[in-house]
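Take a look at the letters that make up each chain.
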Amino acid sequence: MLRGLFSQGMAEWGTASLVFVSGAMTGRLLATGMNEVQALGAVLAVFGSLTAAIAVRVWPASETAKARSRPDIRD
């Protein structure tokens, strides 16, 4: 049921939207006026969301382990 919600595709779309929203908010708030410390924090937030987006796309997918069946032991 939750497999689609926690899939690789949803992670990519989620981080892409995070980058878009954080960039849009940073641009909007920088245009209305921020001091240097606030602007630095906003730019670091954008870089953090970019890092998350890159990590989701580059991180290797976990390999599924094959279950080994125990041989049928008979006397």
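Scroll up to find the structure.
Okay, so let's go over this structure. Only a predicted model underlies this, so the values are computations on that prediction, with no experimental measurement involved. Counting starts from 1 at the beginning of each chain's written sequence and moves along it residue by residue. Only residues with pLDDT of 70 or above have their local features reported here, since the model is predicted, and side-chain atom pairs are shown and tallied only from 80 upward, although totals for entire chains, interfaces and linings are computed over all residues. Think of the side-chain values as coming from all heavy atoms in the structure, minus any hydrogens and water.

1. Comments concerning the environment of A45
Turning to its location among the elements, A45 is positioned in helix α2 (residues 36-58). Buried, partly exposed and exposed residues are distinguished by accessible area as a fraction of the type maximum, computed with a 1.4 Å probe on protein chains only: under 20%, between the cut-offs, and over 50%, respectively. By relative accessible area, A45 is classed as partly exposed at 42%. By definition, any uninterrupted DSSP run of H or I lasting at least four residues is a helix, any uninterrupted run of E lasting at least two residues is a strand, and each is numbered from the N terminus.

2. What to know about helix α1 (residues 8-32)
Given 3.6 residues per helical turn, the α-helix brings residues three or four places apart onto the same face. To estimate the expected span of a helix, count its residues, drop one, and scale the result by 1.5 Å. With 25 residues, α1 extends 36 Å between its outermost C-alpha atoms, agreeing within 8% with the 36 Å of an ideal straight helix rising 1.5 Å per residue. Every buried residue of α1 is listed here: T15, S22 and T26. Contacts are assigned to residue pairs with any non-hydrogen atoms lying within 4.5 Å of each other. For α1, the elements touching its buried residues are α2. Where α1 terminates, the next one or two residues include G33, which has phi positive at roughly 120°.

3. Points about a nonpolar patch on the surface
There is a patch of nonpolar side chains on the surface, built from L30, L40, V43, L44, F47, L50, I54 and V58 and spanning about 740 Å² of accessible area. A total of seven residues in the nonpolar patch trace back to one element, the largest contributor, which is α2. Every patch collects residues that have over 30% relative accessible area and no salt bridge, joining them within 9 Å if they carry like charges and within 5 Å if they are nonpolar side chains (Val, Leu, Ile, Met, Phe, Trp, Tyr). Only the protein chains shown count as covering a residue, and every accessible area follows the Shrake-Rupley method with a 1.4 Å probe. A pairing counts as a salt bridge when a side-chain nitrogen of Lys or Arg comes within 4 Å of a carboxyl oxygen of Asp or Glu.

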